[in-house]
Amino acid sequence: MPSGSIEVEVKFTAGPGTEARLAALGAALAGSSSFRDRYYDTPDLRLTRADHWLRLRQGAGWELKCPPVPRRGAGGSSHVPGALSPEPPAEGAGGSSHVPGAPSPEPPAVATTYQELTSPHAIVGRLCGVLGVAPVPGWDQVPGAVAGLGLQEFASFVTWRRSYRLGGLRVDLDQADFGYTVAEVEAVVGAQQEVPAALEGVMQLQRALGWDGATHVPGKMSVYLQRHRPRHYQELLRAGVLAGDPQPPPHDDNASGPDTPAPCGPSKVMGPAGAAEVEMGPSAGERQPSTP
């Protein structure tokens, strides 16, 4: 993904006919993969309460997903080095607050912007800005900063993914090892003014795949925290980073565990429909919110 790109993404839950519909629309299978994600935060949750998500992804390395500028009053300074905009981010993580310049009719409030930092220098600078500390020698790489800042792993799970391509759009069908399936359509653009058209294209494909936009589908992290870290989940609800779901999505008792890979085909990705988000792509390098 080119530096400075923006991901326009809509989350949904695929049905049994999703892959057949993709094939009928001319989508090509781009491949299948599996990977483990590990997420890190301070013991008092200052990063995630500020809507910052530090992730170590197997095969991809360290990434920090965050708003273009930090939340005010959410565990950090009001300025972060490298922030892209003086405007505060919309409330919530990965869900449905309005994107400037995006169409506002239906569905209302469906997008947020996220910057995705992959350069060690950018990640460490942003972490230090949010936590209000100065970097020290040895923090030029992320592991050194993680240790020095006292960050701890709070989530770890495996995802099995099947990906499709249709023109400039990508469709990912994901199954997490804790028994949750979710899918997404995404487009990548190079500038903020391209977001509205990209969002419309994503929504059109989503409608063609059977989504009416009426049902909120949380992201994997939201569901993981709700099931396995309920106190953390409640903290993020209180901070306005997450919008709670009335009931946790049902657990799939047939889902494979973290050490037992399973196919992520049509039989593994089933259900109703979705939510949306827009993410800022690499720099220098699960609104009805849902986390990354």
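Let me begin by describing the structure that accompanies this report. What you see is a predicted model, and the numbers here were worked out from it, not measured in a lab.

Remarks on the overall build of the protein
1) Next: When you go through the protein residue by residue, the secondary structure sums to seven helices and nine strands.
2) Next: For the protein, the residues scored as buried account for 55% of the 292 residues in total.

Quick word on the pattern of salt bridges
1) Next: All chains considered together, the criterion is met by 12 salt bridges.
2) Next: With its nearest N and O atoms 3.7 Å apart, the salt bridge here joins Asp-172 to Arg-161. Separated by 11 residues along the polypeptide, Asp-172 in strand β7 (residues 169-176) and Arg-161 in strand β6 (residues 152-166) bring together distant segments of the chain. In this pair, the class of Asp-172 matches that of Arg-161, namely buried.

Topic: the side chain of Arg-55
1) Next: By the secondary structure assignment, Arg-55 is in strand β3 (residues 53-57).
2) Next: Classification of Arg-55 as buried rests on a relative accessible area of 5%.
3) Next: Side chain to side chain, Arg-55 and Tyr-39 meet in a polar contact 3.5 Å long.
4) Next: Separated by 2.2 Å, the side chains of Arg-55 and Glu-63 make a polar contact.
5) Next: Here Arg-55 is in contact with Asp-37, Arg-38, Tyr-39, Gly-61, Trp-62, Glu-63, Lys-65 and Glu-116, once residues within four sequence places are set aside.

Comments concerning the packing of helix α6 (residues 220-228) against helix α7 (residues 230-239)
In a pair of packed helices, the angle between the axes and the distance between the axes together describe the arrangement.
1) Next: Where α6 meets α7, the closest approach of the two axes is 5 Å, and the angle between their N-to-C directions is 125°. When the axis of α6 is compared with that of α7, the two are oblique. Counted together, Ser-222, Leu-225, Gln-226, Arg-227 and His-228 of α6 and Pro-230, His-232, Tyr-233 and Leu-236 of α7 form the full contact between these two elements.
2) Next: Grouping the constituent residues of the contact of α6 with α7 by class yields four nonpolar, four polar and one charged.

Focus on the nonpolar core
1) Next: Ranked by internal contacts, the top residues of the largest apolar core, which has 23 residues, are Val-8, Phe-12, Val-171, Leu-173, Val-185 and Val-202.
2) Next: Contributing elements (two or more residues each) for this core: β1 (6-12), β7, β8 (180-189) and α5 (195-208).
3) Next: The next biggest cluster of nonpolar side chains, apart from the first, holds 21 residues, and it includes Leu-54, Cys-66, Leu-127 and Ala-145.

Considerations on the packing of aromatic side chains
1) Next: In total, this model carries six aromatic pairs according to the counting rule given.
2) Next: A ring pair is formed by Tyr-39 and Phe-157, whose centres lie 6.2 Å apart and whose planes are at 25°; its orientation type is stacked. Remark: Phe-157 occurs in strand β6 and Tyr-39 occurs in strand β2 (residues 28-41); sequence separation between them is 118 residues.
3) Next: For the pair Tyr-40 and Trp-62, a centre-to-centre distance of 5.3 Å together with 50° between the ring planes defines the contact as tilted.

Calculation notes
All residue numbers refer to position in the chain's written sequence, counted from 1. Per-residue local features are limited, in this predicted model, to residues with pLDDT of at least 70; the limit for side-chain atom pairs, both in listing and counting, is 80 or more; totals at the level of whole chains, interfaces and linings are taken over all residues. Here the side-chain values reflect all heavy atoms present in the structure, with hydrogen atoms and water set aside. Helix numbers and strand numbers start at the N terminus; a helix is a DSSP run of H or I with at least 4 residues, a strand a run of E with at least 2. Type-normalised accessible area, obtained with a 1.4 Å probe on protein chains alone, sets the label of each residue: buried when under 20%, exposed when over 50%, and partly exposed for intermediate values. When a carboxyl oxygen of Asp or Glu is within 4 Å of a side-chain nitrogen of Lys or Arg, the pair counts as a salt bridge. Two N or O atoms form a polar contact when they lie within 3.5 Å of each other; inside protein one atom must be a possible hydrogen donor and the other a possible acceptor, and for residues adjacent in sequence the pair counts only when both atoms belong to side chains. We call two residues contacting when some pair of their heavy atoms lies within 4.5 Å. Throughout, an axis means a line fitted to C-alpha atoms (over the contacting stretch in the case of helices), and angles, computed between N-to-C directions, take values from 0 to 180 degrees. Any angle that falls under 35 degrees is termed roughly parallel, while one over 145 is termed roughly antiparallel, one within 65 to 115 roughly perpendicular, and all others oblique. When residues are sorted by character, Ala, Val, Leu, Ile, Met, Phe, Trp, Tyr, Cys and Pro go into the nonpolar class, Asp, Glu, Lys and Arg into the charged class, and all the rest, Gly among them, into the polar class. Put simply, buried Ala, Val, Leu, Ile, Met, Phe, Trp, Tyr and Cys residues joined by side-chain atoms within 4.5 Å make one nonpolar core. When the centres of two rings from Phe, Tyr and Trp lie within 6.5 Å, Trp using its six-membered ring, the rings pair. Their planes under 30 degrees apart give stacked, over 60 give edge-to-face, and anything left gives tilted.

Purely spatial values, then, with no claim about function.
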